[in-house]
Amino acid sequence: VVFCILRLFLPVEWPFTRIINSRKILPPIQTFLREPFLQTDVISITPSFILLGIWGIGICITALRRLCIYYRFQQFLNRQPDSHNPQIEEILCEINPHNPLRNAKIIIHPSIKSPAVLNYIHPILLLPDMSFSKEELLGILMHESAHYKYGHLIVKYITECICIFFWWNPFFKKLSAEMEHLLEMHSDKYVCRNLDKKQQKVYLSCIVRILENLRK
């Protein structure tokens, strides 16, 4: 995906790239896109100019929609009190004494269905209003710490930008969901690697409970 974006601005190719010359199909299309159908002394309007304009307008509309959703959600989070929980802070310290999430704002709310971490600079830790044992919290907080540690939030931001930029491409419609799934699997792998067998079973059963909570 990154390589495709670079090719929009830079004429780069892989060493093994095979270029297929098109003398019958591509030249007429290029001619049509470049042929002006309205030309003045100031501007020349071509089909490619209109298509680029539609692309740009679509980017702006899609970006504004995403920003509005993010702004409303951020406003909701700002209204919520910080749920100070000594047990959570203790477990975060146990995971890593220098864990950046130790200074995160912790929000526990019934409308939150699944644990999550937001905001890379000023992190916010979201937890559903469910009762968790200490071992379950250990797995949950280790999972969210992995998201923060490996920069998954930045990956999500980049993915969102790609989806906004290529709003017209149907192949990018599920990119955010697929990337989120991959990042969740990566964090789960990190958690299971750092837990013993008994803790792994507790963590997996906790995931099942959270999935059931999501379906409510």
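Residue numbers here run from 1 along each chain, matching the order of that chain's written sequence. Residues qualify for local features only when their pLDDT is at least 70, as the model is predicted, and side-chain atom pairs are given and counted only at 80 or more; totals for whole chains, interfaces and linings, by contrast, use all residues. In computing side-chain properties, one takes all heavy atoms of the structure into account and sets aside hydrogens as well as water.

**Brief notes about the environment of phenylalanine 165**
Okay, so step 1: Put simply, DSSP marks the helices as runs of H or I at least four residues long and the strands as runs of E at least two long, and each gets a number from the N terminus on. Of note, phenylalanine 165 is situated in helix α6 (residues 152–165).
Okay, so step 2: Note on definitions: a residue-residue contact is assigned when non-hydrogen atoms from the two residues lie within 4.5 Å. What phenylalanine 165 contacts, discounting residues up to four positions off in sequence, is Leu8, Phe9, Trp55 and Ile59.

**Remarks on the sheet that holds strand β5 (residues 124–128)**
Note: strands within a sheet are paired through backbone hydrogen bonds, in either parallel or antiparallel orientation.
Okay, so step 1: The mixed open sheet is built from 3 strands, whose spatial order is β3-β5-β4. Bordering the open sheet on either side are β3 (105–109) and β4 (116–118), each of which pairs with just one other strand. Across this sheet, the average inter-strand angle for adjacent strands is 25 degrees, counted without regard to direction.
Okay, so step 2: Whether two strands pair comes down to DSSP finding at least two bridges between them. Sheet topology places β3 next to β5; 5 bridges connect them, and they run parallel. Each bridged residue has a counterpart across the sheet, and for lysine 105 the counterpart in β5 is isoleucine 124. Lines fitted to C-alpha atoms define the axes here, with helix axes fitted over just the stretch in contact, and angles between the N-to-C directions of these axes take values from 0 to 180 degrees.

**Section: the pairing of β5**
Okay, so step 1: Across the 5 residues that make up β5, a large majority, 5, are buried.
Okay, so step 2: Bridging between β4 and β5 involves 3 bridges; their strand directions are antiparallel. Paired with leucine 118 across the bridge in β5 is isoleucine 124.
Okay, so step 3: In textbook terms, the turn of a hairpin is the stretch between consecutive antiparallel strands, and for β4 and β5 this stretch comprises 5 residues, one of which, asparagine 119, has a positive phi near 65 degrees. Partly exposed residues are those whose accessible area sits between 20% and 50% of the maximum for their type, while under 20% is buried and over 50% is exposed, using a 1.4 Å probe and protein chains only.

**A word on the packing of aromatic side chains**
Okay, so step 1: Ring pairs are drawn from Phe, Tyr and Trp, using the six-membered ring of Trp, whenever the two centres fall within 6.5 Å, and their geometry is named by plane angle: stacked under 30 degrees, edge-to-face over 60, tilted for the rest. All told, the structure shown has 9 aromatic pairs when counted by the stated rule.
Okay, so step 2: Aromatic side chains tyrosine 150 and tyrosine 190 sit 5.7 Å apart centroid to centroid with 80 degrees between the ring planes, which places their arrangement in the edge-to-face category. You can see tyrosine 150 sitting in the loop between α5 (134–149) and α6 and its partner tyrosine 190 sitting in helix α7 (residues 175–193), a full 40 residues away along the chain.
Okay, so step 3: Taken together, the aromatic side chains of Trp55, Phe165, Phe166, Trp168 and Phe172 make up a single cluster linked through ring pairs.

**A closer look at the packing of helix α4 (residues 86–95) against α5**
Okay, so step 1: Running from N to C, α4 and α5 cross one another at 60 degrees; their axes reach a closest spacing of 10 Å. Looking at the two axes, α4 sits oblique to α5. Crossing geometry of α4 relative to α5 is assigned as right-handed. Facing Gln87, Ile88, Glu90, Ile91, Leu92, Glu94 and Ile95 of α4, the residues of α5 in contact are Lys134, Leu137, Leu138, Leu141, Met142 and Ser145.
Okay, so step 2: Note that Gly is not counted as nonpolar here; it falls among the polar residues with everything else outside the nonpolar set of Ala, Val, Leu, Ile, Met, Phe, Trp, Tyr, Cys and Pro and the charged set of Asp, Glu, Lys and Arg. Residue classes in the contact of α4 with α5 are distributed as 8 nonpolar, 2 polar and 3 charged. Angles below 35 degrees are treated as roughly parallel, those above 145 as roughly antiparallel, those between 65 and 115 as roughly perpendicular, and all remaining angles as oblique. For any pair of crossing helices, the crossing counts as left-handed if the nearer helix is rotated counterclockwise from the farther one by less than a right angle, and right-handed if it is rotated clockwise.

**Looking at a nonpolar patch on the surface**
Okay, so step 1: Residues Phe37, Leu38, Val42, Ile43, Phe49, Ile50, Leu51 and Ile54 make up a contiguous nonpolar surface patch of about 790 Å² in total accessible area.
Okay, so step 2: A total of 4 residues in the nonpolar patch trace back to one element, the largest contributor, which is helix α3 (residues 47–79).
Okay, so step 3: Within the element layout of this structure, isoleucine 43 appears in the loop between β1 (38–39) and β2 (44–45).
Okay, so step 4: For isoleucine 43, a relative accessible area of 38% gives the class partly exposed. Surface patches are drawn from residues lacking salt bridges whose relative accessible area is over 30%; two like charges belong together within 9 Å, two nonpolar side chains (Val, Leu, Ile, Met, Phe, Trp, Tyr) within 5 Å. Surface accessibility in these figures is a Shrake-Rupley result with a 1.4 Å probe; residues are shielded only by whichever protein chains are displayed. Definition used for salt bridges: Asp or Glu carboxyl oxygen within 4 Å of a side-chain nitrogen of Lys or Arg.

From the geometry alone we can't say anything about function, so treat these as descriptive.
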